[in-house]
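# Fold and contact review
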Amino acid sequence: MPLLIIVLIVVLIWMFLTFKARQRTRDCRWRENHSKDTPEGRYFICMNCGAEQFAADGMPPPICYRDAPKTSGR
Ligand SMILES: [Zn+2]
């Protein structure tokens, strides 16, 4: 049954990709800090990795910036 094996592999790859995508968002715990708000956006800091982001739409960033270079200097 080669078709069954192909389906199984595809499902495993799909599960792996969705698991990784979910992990990226789950790691970040975004908190608002209104005292640091700027006209260009709302200030968010991640309680988990310490990443700082400014969101123009007022929503926390959808991804974790733990592995990304930190945006500092503002
Ligand atoms: Zn984070």
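The rules behind each value
- Residues numbered from 1 in each chain as written.
- Predicted model: local features only at pLDDT ≥ 70, side-chain atom pairs only at ≥ 80, totals over all residues.
- Pairing = 2+ DSSP bridges.
- Helix = DSSP H or I, 4+ residues; strand = E, 2+ residues; numbered from the N terminus.
- Axes fitted to C-alpha atoms, helices over the stretch in contact; angles between N-to-C directions.
- Contact = placed C-beta atoms within 7 Å.
- pLDDT = per-residue confidence, 0-100.

## A look at the sheet that holds strand S1 (residues 30-32)
Reading across from one edge, S1-S2-S3 is the order of the 3 strands in this open sheet, with antiparallel pairing throughout. With one partner strand each, in any of the chains shown, S1 and strand S3 (52-55) form the two edges of the open sheet. Averaged over all neighbouring strand pairs, the angle between strand axes comes to 35°, with direction disregarded.

## Details of the environment of Arg42
Within the secondary structure, Arg42 sits in strand S2 (residues 42-46). Linking Arg42 and Ala55, residues 13 residues apart in sequence, is a C-alpha distance of 5.1 Å. With residues near it in sequence (within four places) discarded, Arg42 still touches Glu32, Asp37, Phe54, Ala55 and Gly58.

## Some points on the confidence of the model for the chain
Scored by pLDDT, the chain comes out at a mean of 81, with 77% of its residues at no less than 70. Here helix H1 (residues 2-26) is the element of the chain with the lowest mean pLDDT, 83, and S2 is the one with the highest, 91.

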